[in-house]
Amino acid sequence: MTTEARPADVVTPQPAPASEESAWRRRHLLDIDDFTVDELELVMSTTDTMKEVLSREVPRVPALRGTTIVTLFYENSTRTRTSFELAGKILGADVINVAASGSSVTKGESLIDTVKTLQAVGADVLVMRHNRSGAPYLASRHTECSVVNAGDGLHAHPTQGLLDLYTMRGALGDVRGKKIVVVGDILHSRVARSNMWALTAFGANVVVCAPRTLLPAGLGDETEGRLPPVRVETDLDHAIEGADVVMALRMQLERMHGGFVPGAREYSRLYQVNANRLARAKPGALVLHPGPMNEGVEISHEVAHGLQSHVEEQVTNGVAVRMAVLWLITRQTTRGARLAARGSL
Amino acid sequence: MTERIIIRTGRVIDSATKFDAIADVLVEDGRIAAIGAGLVADSAREIDARGLVVAPGFVDVHTHLRDPGLEYKEDIASGTRAAARGGFTTVCAMPNTEPAMDNRSVVEYVLREAAARARVRVLPIGAVSKGRAGKELAELGDLAAAGCIAFSDDGAPVWDATLMRRALEYASIFDLPIIDHCEDRSLAKDAVMHEGWVSTRLGLRGAPAAAEEAAVSRDIALAETAGAHVHIAHVSTRAAVDAVRRAKARGVRVTAEATPHHLTLTHEIVAFGALGGEELAYDTNAKVNPPLRSQDDVDACVAGLADGTIDCIATDHAPHAVIEKLCEFDEAAFGISGLETAFGLCMRLVNEGRIELPTLIARLTVGPVCALGLDRYVPGIGTLAVSAPADIVLLDPSAEWVVEPERFASKGKNTPLGGVTLKGLVVATIAQGRVVHESGVPVA
């Protein structure tokens, strides 16, 4: 184990200024739709600290030693689960992975039962991926554990939204006024929803682009802040003009055959992010994708692996953002408070 | 055993005769014996109704009593106790029981149980199709002979248009309506709420308003073709109200109902709860089919109620066990336990000045009676006419109370209104001359 603490090396992730620290009151991370700019800034600055930890020769700190994190995944996701597992381990937490494949209902054990059981065996944090929108909210109301939403149905994927924001800020400095085009299956995308909240909170000019059949109701209408204020386009060639960032979303195979679009051929002709289209964006525009990519469908191979692609950086930043989130929310638990009081993080 | 009761000096509102005045009501032998000022009634139980409204008992044409087969959700005793608390003296029992009420023996079971255990009158609605499967007609003639007052596959639409046409034609032999749950299933596939900004916000699959409009329009066309009577259950959209209004204007035999929740609540409470919280609620108790819609739809339903396009208020009382709601939103059962909050919730419309109290009472009494022709079975039902059955409700329109689901008589505690204050209380309910509910508030 490399969580062995060497006092000289072990620097606590630099606590944020007291005013910001006290602004953080969240025990759960369910969504970022109600985050204030200050809260988002705190996550960003904490992520900077975590990036520094990751850059060390031995990237391990015992900040969360004694904390038990359970990843409870009702859907498969190698990438997100591994990212959380690594984030927990780097911070010295014990991480247990539970693959709850199949729905809780078919297993005959309710989500509430599962969550209560995990709490009883000593979990402090539940990192939860679920195929049903809102499931983490239900879980959070029936447990003392902190619940981190690692993606719920079509609703939200808050750590993805945060890491995308972090990646864009890393490259652009500030996202205010920047044109960010999200293209693909917006209707079924929790990644798109979380990105829209995070980016519009910072005043980005967000344009979502999709065929009408893959756009959710009400988006782009005047909803008085009840939905993120984005512009909606159906023509990618037009939407992409002058973009600072182009994010392509995964087009799932079952949607391709589900009558939403005529098929992969037409979809890729109209909505693929490729070199020709990217040329219409700002020179050096960032290309992002939450992965896994269908190269040749929503994104061309050359763009996916080209100089403008920041896809790998997204993955690395994902670990740092999740470290930041785990660290911040555990400050709010009893055990987190105890550890903090001990002053030996 | 019924006693002699005199209800003194209430504001008596009988929509059937447009009677609205302070008067006494005398009940004898389970019937209305007299109405007038200063009635003499020796040895009668006196109920002081000063400050209260005295109206005919409410009639609910859309109640899920869940009996037989689903008694863990509700049974005839608990469901009719809930009805009494809500001011309903007649409930029409929907046939989506286990087994379905698609044959005489189930109807006879329900009537037998009701005679033994019900607080209020139960009128059965037979299934349209065998097993409610939407394939073959049930024995509608035998069901009619057994006492069914209408037919419905409610819970599901009659999705096959030809079956619907034949059901309408066949039921017209017995002069009975088909009650249809109007929903185009292909448009509403996998939907768990109304399609709109809230469904987008929550990432839940929505049913477009057009799913209802399409089915309502189809049913109107079929009723017109068949020259038969269709009753549209739980209208929830502006377009459906408009379609019914136009059809009525050209003489189609169409009647319609709306629920208290569709007349007052919007899809926003799915996200934020009826008390308006900060955190997303995903309130499974607000999951209902048809779903709670937009404010524009609510406004259209209220306008339809006011102008008579919507004939009556029906609760669609749909009780469920706790576990069927305490789960992920997608997995939760559809339905609201509505009998006990119906009057208080509808009183919002009166309190907000959107309809008059006599109109509200009409839509809960003579409205449903006329829509389904129930006075053929129970002469005088829904009125306070002399010799009509003594089905009477005492109301305090200005009393405020807090909804406490755990205190419901219904087994179904599934209401989104827990903790909400309603203004308008059912003080007492008299069914066929028996006092079946007293709130404990000012009944002398």
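Residues numbered from 1 in each chain as written. Chains lettered and ligands numbered in written order. Predicted model: local features only at pLDDT ≥ 70, side-chain atom pairs only at ≥ 80, totals over all residues. Heavy atoms only, no water.

A.B. asks: What am I meant to see in the interface of chain B and chain A here?
C.D. replies: As a measure of interface size, the accessible area lost when the parts come together is often cited. Each partner contributes residues to the interface: chain B has 19 residues there, and chain A has 27 residues. Together, T200, R201 and E328 of chain B form the three largest contributors to the area buried by chain B at its contact with chain A, with a combined 31%. Summed over the shared surface of chain B and chain A, the number is 5 salt bridges. Of the charged contacts, one joins R132 of chain A and E331 of chain B as a salt bridge, the two residues approaching to 2.7 Å between their closest N and O atoms. Where chain B meets chain A, there are 12 residue pairs in polar contact (both at pLDDT 80 or more). (Contact = heavy atoms within 4.5 Å. Buried area = accessible area lost by both parts, 1.4 Å probe. Salt bridge = Lys/Arg side-chain N within 4 Å of Asp/Glu carboxyl O. Polar contact = N/O pair within 3.5 Å; in protein donor to acceptor, adjacent residues only side chain to side chain.)

A.B. asks: Which parts of the structure should I look at to understand the environment of L360 of chain B?
C.D. replies: Residues and elements named next belong to chain B. As for its placement among the helices and strands, L360 is situated in helix α12 (residues 357-364). Residue classification places L360 among the buried positions, given a relative accessible area of 0%. For the pair formed by L360 and L349, sequence separation is 11 residues and the distance between their alpha carbons is 8.5 Å. (Helix = DSSP H or I, 4+ residues; strand = E, 2+ residues; numbered from the N terminus. Buried < 20%, exposed > 50% of the residue type's maximum accessible area, 1.4 Å probe, protein only.)

A.B. asks: I'm lost on the nonpolar core in this one. Help?
C.D. replies: One finds I186 of chain A together with I7, I392 and L394 of chain B to be the most contacted residues of the largest nonpolar core, which totals 152 residues. The biggest single contributor to this core is helix α14 (residues 311-330) of chain A, with 10 residues. Residues within four places of I186 of chain A in sequence aside, it is in contact with A192, R193, M196, V208, C209, A210, L214, L215, P216, L219 and L249 of chain A. By size, the runner-up hydrophobic cluster in this structure holds 80 residues, among which are A118, V128, M164 and V393 of chain B. (Core = buried A, V, L, I, M, F, W, Y, C linked by side-chain atoms within 4.5 Å.)

A.B. asks: Where do I start with helix α5 (residues 111-120) of chain A in this structure?
C.D. replies: Each full turn of the α-helix corresponds to 3.6 residues, which orients residues three or four apart in the same direction. Residues and elements named next belong to chain A. Those residues of α5 that fall on the buried side of the exposure criterion are L111, I112, T114, V115 and L118. Projected down its long axis, α5 carries its buried residues within an arc of 165°, all on one side. Two residues or fewer past α5, G122 is found with a positive phi of approximately 110°. (Arc of directions from axis to C-beta.)

A.B. asks: Whenever I open this one, the sheet that holds strand β2 (residues 94-99) of chain A confuses me. Can you help?
C.D. replies: Sheet strands pair by backbone hydrogen bonding; their relative direction is either parallel or antiparallel. All names here are of chain A. Read across the open sheet, the 4 strands follow the order β2-β1-β3-β4; overall the sheet is parallel. The two strands at the open ends of the sheet, each matched to only one other strand, are β2 and β4 (146-152). Neighbour-to-neighbour, the strand axes of the sheet open up by a mean angle of 15°, direction not taken into account. Sheet topology note: the strand β1 (residues 68-73)/strand β3 (residues 125-130) ladder contains 5 bridges and is parallel. Along β3, the bridge assignment pairs T71 with V127. Packing against the sheet, α5 makes contact with β1, β2 and β3, and its axis sits at approximately 155° to β3. (Pairing = 2+ DSSP bridges. Axes fitted to C-alpha atoms, helices over the stretch in contact; angles between N-to-C directions.)

A.B. asks: So what exactly am I meant to see when it comes to the domain arrangement of chain A here?
C.D. replies: Residue and element names in this part refer to chain A. The domain boundaries assigned to chain A delineate domain 1 (8-155 + 317-341) and domain 2 (159-309). Tallying the contact residues gives 27 residues for domain 1 and 22 residues for domain 2. Summing both sides of the interface, domain 1 and domain 2 together bury roughly 2,100 Å²; the carbon and sulfur share of this comes to 64%. If you sort the residues of domain 1 by the area they bury against domain 2, I32, M44 and L154 come out on top, with a joint share of 29%. Our enumeration of links across domain 1 and domain 2 arrives at 2 salt bridges. Salt-bridge contacts for R190 lead to E75; the nearest nitrogen and oxygen are separated by 3.0 Å. Remark: the boundary between domain 1 and domain 2 carries 7 residue pairs in polar contact (both at pLDDT 80 or more). Of all elements in the fold, only α2 (37-54), α3 (78-90), β3, β4 and α14 reach the threshold of two or more residues within the side of domain 1 that touches domain 2. (Domains from an automatic or database assignment.)

A.B. asks: How should I be thinking about the side chain of K179 of chain A in this particular structure?
C.D. replies: All names here are of chain A. Relative to the helices and strands, K179 resides in strand β5 (residues 179-183). With no salt bridge to any partner, buried K179 finds its closest opposite charge in E233, at an N-O distance of 5.6 Å. One polar contact links the side chain of K179 to the main-chain carbonyl oxygen of A239, over a distance of 2.9 Å. Setting aside its immediate chain neighbours within four residues, K179 contacts N205, V207, R231, H238, A239, E241, G242, A243, D244 and V245. (Lys, Arg positive; Asp, Glu negative; His and termini not counted.)

A.B. asks: How should I be thinking about the domain arrangement of chain B in this particular structure?
C.D. replies: Residues and elements named next belong to chain B. Annotation of chain B at the domain level lists domain 1 (5-53 + 389-409 + 417-438) and domain 2 (57-376). Each of domain 1 and domain 2 was reduced to a C-alpha centroid, and the two centroids are 26 Å apart. Contacts between the two partners involve 33 residues from domain 1, matched on the other side by 34 residues from domain 2. Both sides of the domain 1 and domain 2 interface together cover about 2,600 Å² of buried area, and 65% of this is carbon and sulfur. Of all residues in domain 1, F408, A409 and L417 bury the most surface against domain 2, accounting for 22% of the area lost on that side. With its nearest N and O atoms 2.7 Å apart, the salt bridge here joins D391 to R121. At the boundary of domain 1 with domain 2, the tally comes to 9 residue pairs in polar contact (both at pLDDT 80 or more). Elements with a contribution of two residues or more to the side of domain 1 that touches domain 2: β1 (5-14), β16 (392-402), β17 (421-431) and β18 (434-438). Tallying contributions element by element places β17 first for the side of domain 1 that touches domain 2, with 8 residues. Split by residue class, the side of domain 1 that touches domain 2 holds 20 nonpolar, 7 polar and 6 charged. (Nonpolar A, V, L, I, M, F, W, Y, C, P; charged D, E, K, R; others polar.)

A.B. asks: I would appreciate a short explanation of unusual backbone geometry in the present structure.
C.D. replies: Here the amide bond leading from G291 of chain A into P292 of chain A is cis, since omega sits at -10°, within 30 degrees of zero. Of note, the bond from D67 of chain B into P68 of chain B is cis; its omega dihedral lies within 30 degrees of zero at 15°. Inspection of the secondary structure puts P68 of chain B in the loop between β6 (58-63) and α1 (76-85). Unlike most non-glycine residues, T9 of chain B shows phi in positive territory, near 50°. One can find T9 of chain B in strand β1. Accessibility expressed as a relative area gives 34% for T9 of chain B, which makes it partly exposed.

A.B. asks: How do you make sense of the environment of G218 of chain A when you look at a structure like this?
C.D. replies: All names here are of chain A. Take G218: it is sitting in the loop between β6 (205-209) and β7 (231-233). Separated by 56 residues in the primary sequence, G218 and N274 have C-alpha atoms spaced 29 Å apart. In this structure, G218 is in contact with T223 and L227, ignoring residues within four places of it in sequence.

A.B. asks: Looking at this structure, I do not really get the pairing of β1 of chain B. What am I missing?
C.D. replies: Within a regular beta strand, the side chains point alternately toward one face of the sheet and then the other, so they alternate between its two faces. All names here are of chain B. Counting buried residues in β1 gives 8 out of 10 residues, a clear majority hidden from the surface. Sheet topology places β1 next to strand β2 (residues 19-28); 8 bridges connect them, and they run antiparallel. Following the sheet pairing, R11 is matched in β2 by I22. Between the antiparallel neighbours β1 and β2 lie 4 residues, among them K18 with a positive phi of about 60°. In this sheet, strand β4 (residues 45-48) lies alongside β1 in parallel orientation, the contact comprising 4 bridges.

A.B. asks: What am I meant to see in the sheet that holds strand β9 (residues 286-288) of chain A here?
C.D. replies: All names here are of chain A. Within the open sheet, the 5 strands sit side by side as β7-β6-β5-β8-β9. Their pairing is parallel. With partners counted over all chains shown, the strands left at the sheet margins are β7 and β9, one partner each. Each neighbouring strand pair of the sheet contributes to a mean axis angle of 20°, computed without reference to strand direction. Pairing between strand β8 (residues 245-248) and β9: 3 bridges, direction parallel. Bridge pairing links M247 to L288 in β9.

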